[in-house]
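Below, each chain spelled out in residue letters.
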Amino acid sequence: MKYLLSAIAAGMIFAAGMTAQAQTVGFADAIKILAVSCGADIDKYCKSATLANNGIGQCLDQNQAKVSQKCNADRAVVAGLIAERLAAQAAAPKICARDASQYCKGVKPGAGHILRCLLKAQPSVSEKCNTAIDLAGYR
Amino acid sequence: MKNLFFAGAAACALCFSATVTSAQTELSRNQIINSLQGAQQKVEVSADALQRAALENIQKYPGADSPQTIPMYQQLASLRQFNIEITFDFDSARIRPESYEAVGLIADALHTPYLQGQTFFIVGHTDAKGDRTYNLELSQRRAQAIREALVTTFQVPGSTLFAVGLGEEQLRDPADPFAAVNRRVQLINMGYN
């Protein structure tokens, strides 16, 4: 089972690497790679490190000579995936501002009302904004 | 005290093997969003006050089990909320790798425009095994650990998240005080500030 999970995670990383421009990965999927690829090393070498403040990442970094090759390769990918998604989410409202004012006039901002409107207006919404929504994981 | 808080790691290895595909992961994120969105009436309860009320409940009604519910907690019952299992090391606030994904799902949900700008309580609960004060303190540290992971690793704005530990003071299934269903993290939407 463990091997299977690793294979799936590796496939996901590969897919993410192949389409870095066209796709980002959610936080759950990203951090799951860390759990799958580094779970055993975390339990072995990072017994007192926590998920907060990148504690696990730092601990694995300090123990990289002992940590499995797979974990060493994947943990950098995970940090990159999280950063990518955060950047995409920060960028989306700006990229979609013009579409929002054009297609969602009078829609009250907050609670996802603008996003709901833009999703509904997808066929009219600019390609840039639709892509931004995809990258932010908001679809 | 062995099974404090949440179901064992072994049990959860099974539940995660069922959710390896990303389509199902998306579904889970949306389940959290659907349960939490739509903040309605405002309830004037602060996290500090609720934490104090839990401690006072132990002092006022000492004994092996909590005979009373906390009135302040009952005020939150009508709010939008979601229960999720997070596993920790024994006697510790260290989140198990098996539960990283669950914490990530909470982050995925909280980072959507549907929930942004709203305030959430992260409430930790244990089952009734062990000492009440100990359980209260451990659940508080665990709720805090989840909050810290969300705020730092996943950059959810810290001003929107409050950690509270209620130990075994508010069992989900009082008829079965040791049941796994009692060990849970409860996310409660406290609305806009």
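Think of each chain on its own: its residues are numbered from 1, step by step along the sequence as written. Lettering for chains starts from A, numbering for ligands starts from 1, and both go in the order in which the items are written. Two thresholds apply to this predicted model, a pLDDT of at least 70 for residue-level local features and 80 or more for giving and counting side-chain atom pairs, whereas whole-chain, interface and lining totals are computed over all residues.

Visitor: It is not clear to me how the overall build of chain B should be interpreted in this structure. Could you clarify?
Guide: Starting at the N terminus, helices and strands are each numbered in turn, a helix being any DSSP run of H or I of at least four residues and a strand any DSSP run of E of at least two. Secondary structure assignment for chain B yields six helices and four strands. When its helices and strands are written in sequence order, chain B yields α-α-α-α-β-α-β-α-β-β. Residue burial is a threshold on neighbouring C-beta atoms within 10 Å of the residue's own C-beta, all placed from the backbone, with 20 or more meaning buried, 12 or fewer meaning exposed, and counts in between meaning partly exposed. Put simply, chain B has 193 residues, and 45% of those count as buried. Summarising the internal contacts of chain B: among those between residues at least 6 apart in sequence, 78% fall at separations of at least 24. Any pair of residues counts as being in contact when their C-beta atoms, constructed from backbone geometry, are within 7 Å of one another.

Visitor: How should I be thinking about the interface of chain A and chain B in this particular structure?
Guide: Think of interface size as the accessible area that goes away when the parts come together; that is how it is often given. Listed as interface residues are 28 residues of chain A and, on the opposing side, 29 residues of chain B. Per-class residue counts for the side of chain A that touches chain B are 17 nonpolar, nine polar and two charged. Any residue that is not Ala, Val, Leu, Ile, Met, Phe, Trp, Tyr, Cys, Pro, Asp, Glu, Lys or Arg is counted as polar, Gly included; the first ten are nonpolar and the last four charged.

Visitor: Would you mind showing me how to read the confidence of the model for chain B here?
Guide: The predicted coordinates of low-pLDDT regions are not to be read in fine detail. All names here are of chain B. What pLDDT expresses is the predictor's confidence in each residue, scored from 0 to 100. Taken over all residues, the pLDDT of chain B has a mean of 87, while the share at 70 or more is 86%. Mean pLDDT in chain B bottoms out at helix H1 (residues 9-17), which sits at 35, and peaks at strand E3 (residues 161-167), which reaches 98. Predicted confidence for residues 1-26 stays below pLDDT 50, and this span has 48 contacts to residues more than four positions away or in other chains. Confidence metrics for the complex model read pTM 0.85 and ipTM 0.84.

Visitor: For this particular structure, what's the right way to read the environment of Ser124(A)?
Guide: Residue position: Ser124(A) is located in the loop between helix H6 (113-120) and helix H7 (127-135). Separated by 25 residues in sequence, Ser124(A) and Asp99(A) have C-alpha atoms that sit 8.8 Å apart.

Visitor: Would you take a moment to explain the packing of helix H3 (residues 47-60) of chain B against helix H6 (residues 132-152) of chain B for this structure?
Guide: Packed helix pairs are characterised by how far apart their axes lie and by the angle those axes make with each other. Residue and element names in this part refer to chain B. Helix axes are fitted to C-alpha atoms over the stretch in contact, other axes to C-alpha atoms as well, and angles between N-to-C directions run from 0 to 180 degrees. The N-to-C vectors of H3 and H6 enclose an angle of 165°; their axes lie 10 Å apart at closest approach. The orientation of H3 with respect to H6, classified from their angle, is roughly antiparallel. Helix-helix and strand crossings are classified by hand; for H3 and H6 the assignment is right-handed. Along the contact surface, H3 presents Gln51, Ala54, Leu55 and Ile58, while H6 presents Arg132, Thr133, Leu136 and Gln140. Class assignment of the residues belonging to the contact of H3 with H6 gives a composition of four nonpolar, three polar and one charged. Here the word oblique covers every angle except those under 35 degrees (roughly parallel), over 145 (roughly antiparallel) and from 65 to 115 (roughly perpendicular). The handedness criterion is simple: a crossing whose near helix is rotated anticlockwise from the far helix by less than a right angle is left-handed, and one whose near helix is rotated clockwise is right-handed.

Visitor: Honestly, the environment of Ala39(B) in this entry has me stumped. Any pointers?
Guide: Note on placement: Ala39(B) falls in the loop between helix H2 (22-36) and H3. Beyond its immediate sequence surroundings of up to four residues, Ala39(B) is in contact with Arg80(B), Gln118(B), Asn189(B), Gly191(B) and Tyr192(B).

Visitor: Before we go on, may I ask you to explain helix H2 (residues 27-45) of chain A in this structure?
Guide: The axis of H2(A) is deflected most strongly, by about 70°, at Cys38(A). In terms of burial, H2(A) is a largely internal element, 14 of the 19 residues being buried. To obtain the bend at a residue, axes are fitted to the seven residues ending there and to the seven starting there, and the angle between these axes is taken.

Visitor: Help me understand the pairing of strand E4 (residues 184-192) of chain B in this model?
Guide: Each regular strand carries side chains that alternate between the two faces of the sheet. Residue and element names in this part refer to chain B. Here E4 lies mainly inside the structure; seven of its nine residues are buried. Where strand E1 (residues 81-84) and E4 come together, four bridges link them in antiparallel fashion. Within the sheet, the bridge partner assigned to phenylalanine 82 lies in E4 and is leucine 187. A strand pair is defined by DSSP finding two or more bridges across the two strands.

Visitor: Mind showing me how you'd approach the nonpolar core here?
Guide: It is characteristic of soluble globular proteins that their nonpolar side chains tend to be buried jointly. Definition of nonpolar core: a set of buried Ala, Val, Leu, Ile, Met, Phe, Trp, Tyr and Cys residues joined via C-beta atoms within 7 Å. Counting residues in each nonpolar core, the largest one holds 65 residues, and the members touching the most others are Ile31(A), Val103(B), Ile106(B), Ile122(B), Ile146(B), Ala149(B) and Leu150(B). Examining the composition of this core, we find that 10 residues originate from one element, H2(A), more than from any other. Judged by nonpolar contacts, the second largest core, of 14 residues, contains Cys96(A), Ile114(A), Ile133(A) and Ala136(A).

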